[in-house]
Amino acid sequence: MSSFINGTLEIVKNICFPITCCNCGNFVDSEGLCSDCWKHIKWISDPKCKICGTPFEIDLDAICPNCLRKRPHFDKAIAAFKYDDFSRSMILKFKHWDTTYIAEKLGHWMYGACAKDMADADIIVPVPIHFLKRLKRQYNQSELLGMELQKLSGIPYEPRILKKIKRTDPQEGLSRERRLRNVRGSFGVDENYVPLVDGKSVILVDDVLTTGSTANECSRVLKKHNAAKVIVVTVARVDQ
Ligand SMILES: [Zn+2]
Ligand SMILES: [Zn+2]
C-alpha cells in the first residue's frame, strides 16, 4: 500500500514540479542533462599529460611539450570535460545568470574526474575574484564548485586563504604571455590563514582552465607559503 502511495505522490510531484535538463530546459526523468545534451559533452579521459591534463592523440604516459618547457607551479590539473561551444554555453549560464543550481551537477562531474587525486588532500580552496566583482555578481562560481566538492569529499573547504589583491583586465582574448603578465602579483594568501597552507595538500578549484595562467599564479602563491602540493580541479579545459 505504501509503495502505491509513494508512487502516486511521485507522479503528482512530477506533474506539479517537472524535472528539466540543467542545460536546455527539456523535460527529463531524473536530475541532470537530457540525452541530447549528454551526447554533446566531450569527457576527458586518458591518455593525457601527467601534469596539465592536455589530452594526447596516442597512448602516452608522459608530459606535454608546454610542461616540459616550463613546469607549472601546480602538480597536476584535472578537468571533467573539454571546453567547446557546447560546454561554453552551459558554463556561461552558470557564470553570468542566476542558475547556481547547475553548480551541483558540475561539482558532481568534477568529483567524478578527481576523486582519486583528492583522497589525500587537506583543503579545498577556490580561485577568488576581486571583492568588487563579487559584489556585482553576488557570488563566485569557483566558491560554489568548491562547496560542492566539500559536500562530496568531506575535505574542509577554505575560501578565505586566497585573496584577489589586484583587479585585472579580463583574460579573454589575451595571448598566453599577456595572460601570465596580467595575473602576476594579483593573488595573495591572507596572513591570518598562512598556517592553514603550511605543509598542506591543496585542491584549487576554478571553472575553466584556459592557458592555466590564473591557476599557475594561485599555485605559485600557495607554494610560496609552503603548500606541499597543489592540484587544480576545473569543470572544463580549453584545448591548447
Ligand atoms: Zn538538455
Ligand atoms: Zn602538460
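Conventions and cut-offs
- Residues numbered from 1 in each chain as written.
- Chains lettered and ligands numbered in written order.
- Predicted model: local features only at pLDDT ≥ 70, side-chain atom pairs only at ≥ 80, totals over all residues.
- Heavy atoms only, no water.
- Donors = N, O, S within 2.8 Å, 3.2 Å for Na, K, Ca; no water.
- Tetrahedral: all angles 85-135°; square planar, octahedral: opposite > 155°, others 65-115°.
- Helix = DSSP H or I, 4+ residues; strand = E, 2+ residues; numbered from the N terminus.
- Buried < 20%, exposed > 50% of the residue type's maximum accessible area, 1.4 Å probe, protein only.
- Expected span 1.5 Å × (residues − 1).
- Polar contact = N/O pair within 3.5 Å; in protein donor to acceptor, adjacent residues only side chain to side chain.

Participant: Help me understand the coordination of the zinc ion (ligand 1), please; the structure alone is not making it clear to me.
Facilitator: Geometry sets the ideal angles at a metal, namely 109.5 degrees for four tetrahedral donors and 90 or 180 degrees for six octahedral donors. Distances from the zinc ion (ligand 1) to its protein donors, C21 (SG), C24 (SG), C34 (SG) and C37 (SG), fall at 2.3 Å. Geometry at the zinc ion (ligand 1) is tetrahedral, judged from its four donor atoms and the angles of 105 to 116 degrees they form at the metal. Spacing between the donor residues of the zinc ion (ligand 1) along their common chain follows C-x2-C-x9-C-x2-C. In this pair, C24 is assigned in the loop between α1 (2-16) and α2 (35-40) and C34 in the loop between α1 and α2, connecting sequence segments ten residues apart. Note on C24: relative accessible area 41%, which makes it partly exposed. Here C34 falls in the buried class, since its relative accessible area comes to 7%.

Participant: Can you help me understand helix α7 (residues 141-153) in this one?
Facilitator: For the α-helix, the turn length of 3.6 residues means that residues three or four positions removed from each other point alike. Helix length check: α7 (13 residues) gives 18 Å between terminal C-alpha atoms against 18 Å at 1.5 Å per residue, within 8%. Among all positions of α7, only Q141, S142, E143, L144, L145, G146, E148 and L149 are buried. One side-chain oxygen of the residue at the start of α7 lies 3.0 Å from the amide nitrogen of S142, identifying that residue as N140. One or two positions beyond α7, positive phi appears at G154, with a value near 80 degrees.

Note that all results are geometric; they support no functional claim without further evidence.
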